[in-house]
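Structural characterization, general
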Amino acid sequence: MPDLSPLVAYTDPARAHDLSTTTTPHDIPQEVREELESALRVDQAGELAANWIYKGQHDVLGRDPATGPLIQEMWDQEKKHLTVMNKMQIQHRVRPTLLWEVARLGGYGLGAVTALMGREAAMACTEAVETVIGEHYDDQLKAFEQLPPDHPSVPLLKGVINEFRDDELEHLDIAVENDSQKAPAHALLSTVVGAGCKVAIELCKRF
């Protein structure tokens, strides 16, 4: 049975020249264009940061027989997300964030520090991050209703964002199932990490 994942459109060489993966809407209002660009700039930075969060966690907890494989599985999914988002950034002619290195270093630091606090804290970090990202992707799907539905890139764009959102919410569920809410000072940790994610989103929109 063929893989119907929207991500395949960006990884299948046979589809490398599809209009859905090589064109971007042009005849749209300026404010809609700016919304599209800021959304994809944030998404690319977010997937970069997520990769480095999981790398930081894996560097600390990778040898744990229970936690290591879980982190690796989520990290592998984020690697695919970043590959696709990098291609979408080029396709839609979006300037990457100027905070690229901050996202990378901040993500790694957050992942490593929470992992050093213990597996529950690492999972609490994942829970907090993925909660914010899931909500963020939901908001984007609503905003993308302004895009022309007849442009070949738009259904694919929505499909990718929808799939990314579902993956992130799956990561959230994995974290909860693996004792994220048993982390010391769970409420405080979740609040701090979630607030940091929201600030990062707003900064990457602008810069």
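Please refer to the structure placed before this passage.
An account of the accompanying structure is given in this report. Note that this is a predicted model, so its numbers are computed, not measured. (Residues numbered from 1 in each chain as written. Predicted model: local features only at pLDDT ≥ 70, side-chain atom pairs only at ≥ 80, totals over all residues. Heavy atoms only, no water.)

With that settled, consider the overall build of the protein chain. A count of helices and strands for the protein chain gives eight helices and zero strands. Taking 207 residues into account, the globule formula puts the C-alpha radius of gyration at 17 Å, and the protein chain, at 17 Å, falls close to it. Considered along the principal axes of its C-alpha atoms, the protein chain spans approximately 50 × 40 × 25 Å. The buried share among the 207 residues of the protein chain stands at 50%. For the protein chain, restricting intrachain contacts to residue pairs at least 6 apart in sequence, the fraction spanning at least 24 positions comes to 83%. Approximately 10200 Å² of the protein chain is accessible, and the part contributed by carbon and sulfur atoms is 59%. Counting 19 positive and 33 negative side-chain charges, the protein chain places the averaged centre of each group 5 Å from the other. (Helix = DSSP H or I, 4+ residues; strand = E, 2+ residues; numbered from the N terminus. Rg over C-alpha atoms; globule rule 2.2 N^0.38 Å. Buried < 20%, exposed > 50% of the residue type's maximum accessible area, 1.4 Å probe, protein only. Contact = heavy atoms within 4.5 Å. Areas by Shrake-Rupley, 256 points an atom, 1.4 Å probe, with all protein chains shown as cover. Lys, Arg positive; Asp, Glu negative; His and termini not counted. Charge placed at Lys NZ, Arg CZ, Asp CG, Glu CD.)

Bringing a nonpolar patch on the surface into the picture now. A grouping of L98, V199, L203 and F207 is seen on the molecular surface, where their side chains present a nonpolar patch of about 390 Å² in accessible area. Inspection of the secondary structure puts L98 in the loop between α4 (67-91) and α5 (100-116). (Patch = residues over 30% accessible without salt bridge, like charges linked within 9 Å, V, L, I, M, F, W, Y side chains within 5 Å. Salt bridge = Lys/Arg side-chain N within 4 Å of Asp/Glu carboxyl O.)

Take the nonpolar core next. Ranked by internal contacts, the top residues of the largest apolar core, which has 38 residues, are M88, L147 and L157. For this core, the secondary-structure elements that each account for two or more residues are α1 (8-11), α3 (30-61), α4, α6 (119-143), α7 (153-177) and α8 (186-206). By residue number, the principal contributor to this core is α6, which donates nine residues. Those residues in contact with L157, other than ones at most four positions away along the chain, are L36, L40, M88, F144 and L147. Formed by eleven residues, the second largest nonpolar core is a distinct cluster that contains L61, M74, W75 and A175. (Core = buried A, V, L, I, M, F, W, Y, C linked by side-chain atoms within 4.5 Å.)

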